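Coordinate analysis (summary)
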Amino acid sequence: MIKNIQIAIDGPSGAGKSTVAKRLAQKLNYDYIDTGAMYRAFALKLILNGYNSANIDDSIISKLIDSADIDFHEGNILLDGENVETKIRNEKIGILASDLSALKIVRDALVDKQRKIARSKSVIMDGRDIGTVVLKNADLKIYLTADPYTRAKRRYIDLLDSGVKTSLEETLDQILKRDYNDMNRKHSPLKKADDAIKLDTTNLNLDETVAKIIEILEEKINVL
């Protein structure tokens, strides 16, 4: 019997981690766990309860995160039984989620949920600390990146497609701020795991990126 396989994909904002992880999961028939979406879902729960980064404390966070039912179904994230996939994909939620991800109480609770999922089946997880914190013993770790302008352009197109009005300059500014915040936060900062393979996608499209990761996996683990 082939053991469950864990693939960790980390990298900065706009690197295409979620898109790549989803396509890879489809190709390998693994379950995709969007850890970033889990933070976004909790950010949405806070907002729905009238809170933001300026008026929360540990007691409020502890109460709401304990009561939050966060799960995945057919590629969509569920919050308390409701599909909130489209509701969490905006910059307001993204910024609050980034603030929350810097809080140890939030990270500990969500990391525990992520590890439990990964122990039960073959998974692909993407985020900013999967290979360094969440799945330290993952079978394959990929650090996915691209130059800031390329990442901003990709995010800009995604936002326009979602009906969000913004500019490329504003999107690039947000990317650079997220990079700084993620790399300099106190708890679980974004960094490449020592045993991760860096994959720069600046000049790679989605299919080329996925094919490259499958090639790396075939070389590393004889399971396909």
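Before reading on, note that the structure itself is shown above.
Note that the structure is a prediction, hence the values are computed from the model and not measured.

For the rest of this paragraph, the subject is the overall build of the protein chain. Tallying secondary structure elements over the protein chain gives 9 helices and 8 strands in all. For the protein chain, the C-alpha radius of gyration of 17 Å lies close to 17 Å, the compact-globule estimate for 224 residues. With respect to the three principal axes, the spread of C-alpha positions in the protein chain is 50 × 40 × 30 Å. Per-residue burial over the protein chain gives 47% buried out of 224 residues. For the protein chain, long-range pairs separated by at least 24 residues make up 75% of all intrachain contacts whose partners lie at least 6 apart in sequence. If you sum the accessible surface of the protein chain, you get close to 11400 Å²; carbon and sulfur atoms cover 47% of it.

Right, let's get into the sheet that holds strand β7 (residues 140-145). A sheet is described by the order of its strands in space; here 5 strands give the open sequence β2-β6-β1-β7-β8, paired in parallel fashion. Two strands lie at the open edges of the sheet, namely β2 (31-34) and β8 (197-200), each paired on one side alone. For this sheet, the mean angle separating the axes of adjacent strands, direction not counted, is 20 degrees. Against the sheet, helix α1 (residues 17-28) touches β1 (6-10), β2, β6 (123-127) and β7, its axis set at about 175 degrees to β6. Here helix α5 (residues 104-120) sits on the sheet and contacts β1, β2 and β6; the angle it forms with β6, its principal contact strand, is near 155 degrees.

Between its first and last C-alpha, helix α8 (residues 168-184) extends 24 Å over 17 residues, near the 24 Å set by a 1.5 Å rise per residue. Inspection of α8 places Leu168, Thr171, Ile175, Arg178, Asp179 and Asp182 among the buried residues, and these make up the whole buried set. One side of α8 holds all its buried residues, which, seen down the axis, span an arc of 105 degrees. Those residues of α8 that are exposed and angled more than 90 degrees off the buried face are Glu169 and Tyr180. Buried residues along α8 sit against α2 (35-48), α4 (91-101) and α7 (148-161).

Two elements in contact, helix α3 (residues 58-67) and α5, have axes separated by 10 Å at closest approach and are oriented at 15 degrees. By the angle between their directions, the pair α3 and α5 is classed as roughly parallel. Where α3 crosses over α5, the two elements pack in a sense that is right-handed. In this structure, α3 contributes Asp58, Ile61, Ser62 and Ile65 to the contact, and α5 contributes Ile105, Val106, Ala109 and Leu110. Among the residues forming the contact of α3 with α5, the class breakdown is 6 nonpolar, 1 polar and 1 charged.

The next thing to look at is the side chain of Lys45. Looking at the element boundaries, Lys45 is found in helix α2. What makes Lys45 buried here is its relative accessible area of 10%. Among the polar contacts made by the side chain of Lys45, one reaches the side chain of Asp80 at a distance of 2.8 Å. Excluding anything up to four places from it in sequence, Lys45 contacts Leu64, Ser67, Ala68, Leu79 and Asp80.

So, how was this worked out
Each chain has its residues counted from 1, running along the sequence as written. For a predicted model such as this one, the threshold for reporting local features is a pLDDT of at least 70, and the threshold for listing and counting side-chain atom pairs is 80 or more; totals across whole chains, interfaces and linings nevertheless cover every residue. The side-chain figures draw on all heavy atoms in the structure; neither hydrogens nor water molecules are used. Secondary structure elements are taken from DSSP: a helix is a run of H or I of four residues or more, a strand is a run of E of two residues or more, and numbering for both begins at the N terminus. Computation of the radius of gyration draws on C-alpha atoms alone. For the globule rule, the value is 2.2 Å times the number of residues to the power 0.38. Using a 1.4 Å probe on the protein chains alone, a residue whose accessible area is under 20% of its type maximum counts as buried, one over 50% counts as exposed, and one in between counts as partly exposed. Whether two residues are in contact is decided by their heavy atoms, any of which lying within 4.5 Å being enough. Per-residue and other accessible areas follow the Shrake-Rupley method at a 1.4 Å probe size, with only the shown protein chains counted as cover for residues. Only when DSSP finds a minimum of two bridges between them are two strands counted as paired. Axis definition: a line fitted to C-alpha atoms, limited for helices to the stretch in contact. Angles are taken between N-to-C directions and run from 0 to 180 degrees. Multiply 1.5 Å by the residue count of a helix minus one, and that product is the helix's expected span. As used here, the arc is the angular range of directions from the helix axis to the C-beta atoms. When an angle is under 35 degrees it counts as roughly parallel; over 145 it counts as roughly antiparallel; between 65 and 115 it counts as roughly perpendicular; any other value is oblique. By definition, any crossing whose near helix is turned counterclockwise from its far helix by less than a right angle is left-handed, and any crossing with a clockwise turn is right-handed. Each residue receives one of three labels: charged for Asp, Glu, Lys and Arg, nonpolar for Ala, Val, Leu, Ile, Met, Phe, Trp, Tyr, Cys and Pro, and polar for the others, Gly being one of them. Under this definition, polar contacts are N or O atom pairs within 3.5 Å; protein pairs additionally need one hydrogen-donor-capable and one acceptor-capable atom, and for neighbouring residues in sequence, both atoms have to be side-chain atoms.

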